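Structural features, examined
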4 protein chains.
Amino acid sequence: MPRISIDEFEELIREQVPFITSLGARLEALGKGTATVRMAGKPEFLRPGETVNGPVLFALADVAMYAAVMSLIGRSEMAMTSNLNINFLRPPPMGDLLAEAKMIKLGKRLAVLEATVFSKTVEGEPVAHATGTYSLPPESRK
Amino acid sequence: MPRISIDEFEELIREQVPFITSLGARLEALGKGTATVRMAGKPEFLRPGETVNGPVLFALADVAMYAAVMSLIGRSEMAMTSNLNINFLRPPPMGDLLAEAKMIKLGKRLAVLEATVFSKTVEGEPVAHATGTYSLPPESRK
Amino acid sequence: MPRISIDEFEELIREQVPFITSLGARLEALGKGTATVRMAGKPEFLRPGETVNGPVLFALADVAMYAAVMSLIGRSEMAMTSNLNINFLRPPPMGDLLAEAKMIKLGKRLAVLEATVFSKTVEGEPVAHATGTYSLPPESRK
Amino acid sequence: MPRISIDEFEELIREQVPFITSLGARLEALGKGTATVRMAGKPEFLRPGETVNGPVLFALADVAMYAAVMSLIGRSEMAMTSNLNINFLRPPPMGDLLAEAKMIKLGKRLAVLEATVFSKTVEGEPVAHATGTYSLPPESRK
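Here's what I pulled together on the structure shown here. (Residues numbered from 1 in each chain as written. Chains lettered and ligands numbered in written order. Predicted model: local features only at pLDDT ≥ 70, side-chain atom pairs only at ≥ 80, totals over all residues.)

When helices and strands are counted, chain A shows 3 helices and 8 strands. Secondary structure elements in chain A, listed N-terminal to C-terminal, are α-α-β-β-β-β-α-β-β-β-β. For 142 residues, the compact-globule formula gives about 14 Å, and the C-alpha radius of gyration of chain A, at 14 Å, lands near that figure. Its C-alpha atoms put chain A at 45 × 25 × 25 Å along the principal axes. Considering chain A as a whole, with its 142 residues, one finds that 55% of them fall into the buried category. Taking all contacts inside chain A whose residues are at least 6 apart in sequence as the whole, residues at least 24 apart take part in 69%. (Helix = DSSP H or I, 4+ residues; strand = E, 2+ residues; numbered from the N terminus. Rg over C-alpha atoms; globule rule 2.2 N^0.38 Å. Buried ≥ 20, exposed ≤ 12 C-beta atoms within 10 Å, placed from the backbone. Contact = placed C-beta atoms within 7 Å.)

Shown next, in the form of structure tokens:
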């Protein structure tokens, strides 16, 4: 079982990361080292080309990886993104977006993950792909 | 002289990228291939550790590079981030943030830039550093 | 079927990329958008810590992605890496290394792939993970 | 003064990183947090397009950043690249290449640097730009 529950993670976000809450991102599924976050499109996310802007896709990938980290090490809100590399693959239209994160390597001090963002409007192919490194707080290293 | 003015860029953002407007980011300076964007800290940007969250720093670096692209090729809102790699160097406290972008290589189809984000509260050292690739719209390639 | 054969790809490398040939990297498998490259460890690849150095792992991931590109668009030696982001996950000991590349998104002008490098000595977990963008030559865009 | 000398660094490379020695890369200058590495072009580095291949440019950027790390923390051959992101900006012709590395942020456990690679044949504009994260060995953290 994941070492944090969906409810605990959502509460942590609601109380401590208001920016993510304001985007409307919700943790939909959590496995051991995996997490799926869903977000409904909103007109205020659009940029020229009638497509969702990059920072919103970044936020979605980042929060999904943050959840996947805690699925393995338990509640550790002090985990911090130290590097994130994102490729924008195709401009997603308005509509639901899904970020699926997966642990690549969990180390003692650093965790490396990847996240793929899908548009529910353009089925099948991903709209963004990210790789992230997270520094883990000392208390989480068991 | 830059090929877009600060006013034109700010109008483009106001009309077409509401998300950036909602962050309160403002273009402060524009050179030939350079741009500086400033943003005031807001409590809703904080994440655990009383520090500004990553997506906000990403947005700031991204919009500064977007402006630096247009400083050389003129108004081209269809320029799109294709890759962005960001290193978070130290957690910035609440307070003003400044992103300084600089063109590294302007090609016909792609532009590569870097942006450094500074905290006005912790003078001197950068809080984030990003490198971005932007795909340029055909009409801009003169 | 892949649009280039293993023999054709190996011949291209032998004739035109002597550096890769000198590393002893060989294309072992090729699918539609996938490629596996194998390389035997050599003492001259070691760096402090008795581990294979980063540039060799980079070369392996890069050539596997180059092959995976051609598996979908056919022989196109003018495909070029435009961006490569690599995370070194654990230091691989001497011994066989395997790079497995997979297409994430094939566009008209750019292809985005990922490659995972495994050590045959430390079974199971990856030693490096890379994401790469390749610019495709015009003649290949059919 | 830098905390390692050019001679000490070159000796370390000669004795412990034979791959870099075989490329013919030499440390040309060293400052506090900066390093310049030069390499002569060799026919065996070429790839299709009569241009120097990516792994060689990667190696050059990587070793320059490795030297710049030691310029600040002293001899620490166990410093290891944990992430390296490289943008290939234009294909460099045969001829001398120069990599200039610069520290962006030196932390206790991680250092973040950038390196720009220039071709001495195509004056002025860079041929590659890299950003790297290095994990620092415990003994170096004073």
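There's plenty left to go through after this.
Attention shifts here to the relation of the copies chain B and chain A. Note on the copies: chain B fits chain A at an RMSD of 0.0 Å, the axial shift is 0.0 Å, and the rotation between them is 180 degrees. What the superposition gives is, in effect, a two-fold axis relating one chain to the other. Considering only C-alpha atoms, the part of chain B nearest the rotation axis is B:Asn85, at 2.1 Å. Most of the interface of chain B is mirrored in chain A: 100% of its interface residues are interface residues there too. (Least-squares fit on C-alpha atoms with pLDDT ≥ 70 in both.)

In this section: the pairing of strand E6 (residues 97-106) of chain B. Residue and element names in this part refer to chain B. The sheet contact formed by strand E2 (residues 34-39) and E6 spans 6 bridges and is antiparallel. Bridge pairing links Val37 to Ala99 in E6. In this structure, E6 lies alongside strand E7 (residues 110-119), joined through 9 bridges in antiparallel fashion. Within E7, the position partnered with Leu106 by the bridge is Ala111. Linking E6 to E7, which pair antiparallel, is a turn of 3 residues. (Pairing = 2+ DSSP bridges.)

What follows covers the interface of chain B and chain A. In this assembly, 29 residues from chain B lie in contact with 29 residues from chain A. Sorting the residues of the side of chain B that touches chain A by element identifies helix H2 (18-23), helix H3 (54-73) and strand E5 (80-88) of chain B as the ones contributing at least two each. Tallied by class, residues from the side of chain B that touches chain A come to 15 nonpolar, 10 polar and 4 charged. With 5 bridges joining them, strand E5 (residues 80-88) of chain A and E5(B) adopt antiparallel strand pairing. Counterpart to A:Ile86 in the pairing with E5(B) is B:Leu84. (Nonpolar A, V, L, I, M, F, W, Y, C, P; charged D, E, K, R; others polar.)

Here we come to the relation of the copies chain A and chain C. Superposing chain A onto chain C takes a rotation of 180 degrees combined with a translation of 0.0 Å along the rotation axis, leaving an RMSD of 0.0 Å. Counting the interface residues of chain A, we find that 100% of their copies in chain C are interface residues as well, pointing to one common contact surface.

Another point: the nonpolar core. Counting 208 residues, the largest nonpolar core has A:Leu60, B:Leu60, C:Leu60 and D:Leu60 as its most contacted members. If near-sequence neighbours (up to four positions away) are discounted, A:Leu60 is found in contact with A:Ala25, A:Val37, A:Met39, A:Leu97, A:Ala99 and A:Val117. (Core = buried A, V, L, I, M, F, W, Y, C linked by C-beta atoms within 7 Å.)

So, about the packing of helix H3 (residues 54-73) of chain C against helix H3 (residues 54-73) of chain D. The relative placement of two packed helices is expressed as an angle between their axes plus a distance between the axes. Between H3(C) and H3(D), the shortest axis-to-axis distance is 9 Å and the interhelical angle comes to 150 degrees. Comparing their axes, H3(D) and H3(C) come out roughly antiparallel. When the axes of H3(C) and H3(D) are compared, the crossing they make is right-handed. Mapping the contact onto sequence places C:Gly54, C:Pro55, C:Phe58, C:Ala59 and C:Asp62 in H3(C) and D:Gly54, D:Pro55, D:Phe58, D:Ala59 and D:Asp62 in H3(D). (Axes fitted to C-alpha atoms, helices over the stretch in contact; angles between N-to-C directions. Parallel < 35°, antiparallel > 145°, perpendicular 65-115°, else oblique. Left-handed = near helix turned anticlockwise from the far one by under 90°.)

Turning our attention to the sheet that holds E5(B). By definition, the strands of a sheet pair up through backbone hydrogen bonds, in either a parallel or an antiparallel sense. The sheet built from 12 strands is open, its strands ordered E1(A)-E2(A)-E6(A)-E7(A)-E8(A)-E5(A)-E5(B)-E8(B)-E7(B)-E6(B)-E2(B)-E1(B) with antiparallel pairing. With partners counted over all chains shown, the strands left at the sheet margins are strand E1 (26-30) of chain A together with strand E1 (26-30) of chain B, one partner each. Taking the axes of each pair of neighbouring strands and ignoring which way they run, one obtains an average angle of 20 degrees across the sheet. Helix-sheet contacts for helix H3 (residues 54-73) of chain A involve E1, strand E2 (34-39), E5, strand E6 (97-106), strand E7 (110-119) and strand E8 (126-135) of chain A together with E5 of chain B, and the interaxial angle to E6(A) is about 45 degrees.

So, on to the environment of C:Leu72. All names here are of chain C. Along the chain, Leu72 falls in helix H3. Spatially, the C-alpha atom of Leu72 lies 6.1 Å from that of Pro2, the residues being 70 residues apart in sequence. Here Leu72 is in contact with Arg3, Lys32, Gly33, Met103 and Leu106, once residues within four sequence places are set aside.

For the rest of this paragraph, the subject is the sheet that holds strand E6 (residues 97-106) of chain C. Sheet architecture is open: 12 strands sit in the order E1(C)-E2(C)-E6(C)-E7(C)-E8(C)-E5(C)-E5(D)-E8(D)-E7(D)-E6(D)-E2(D)-E1(D), paired in antiparallel fashion. Each having just a single partner strand, strand E1 (26-30) of chain C together with strand E1 (26-30) of chain D make up the two edges of the open sheet. Direction aside, the axes of adjacent strands within the sheet are offset by 20 degrees on average.

The next subject is the interface of chain A and chain C. Each partner contributes to the interface: chain A provides 11 residues, whereas chain C provides 11 residues. Secondary structure elements with two or more residues in the side of chain A that touches chain C: E5, E6 and E8 of chain A. Looking at the side of chain A that touches chain C, the element that brings in the most residues is E8(A), giving 4 residues. When its residues are assigned to classes, the side of chain A that touches chain C shows 4 nonpolar, 5 polar and 2 charged.

What follows is about H3(D). Relative to the 28 Å expected for 20 residues at 1.5 Å per residue, H3(D) spans 29 Å between its end C-alpha atoms, a close match to the ideal helical length. Judged by how many residues are buried, H3(D) sits mostly within the fold: 19 of 20 residues are covered. (Expected span 1.5 Å × (residues − 1).)

Our next topic: the environment of B:Pro92. Residue and element names in this part refer to chain B. Mapped onto the secondary structure, Pro92 falls in the loop between E5 and E6. When the C-alpha atoms of Pro92 and Glu8 are compared, they prove to be 30 Å apart, with 84 residues separating the residues in sequence. What Pro92 contacts, discounting residues up to four positions off in sequence, is Thr51, Val52, Leu97, Ser119, Val122 and Val127.

Such coordinate-based values are descriptive only and should not be taken to indicate function.
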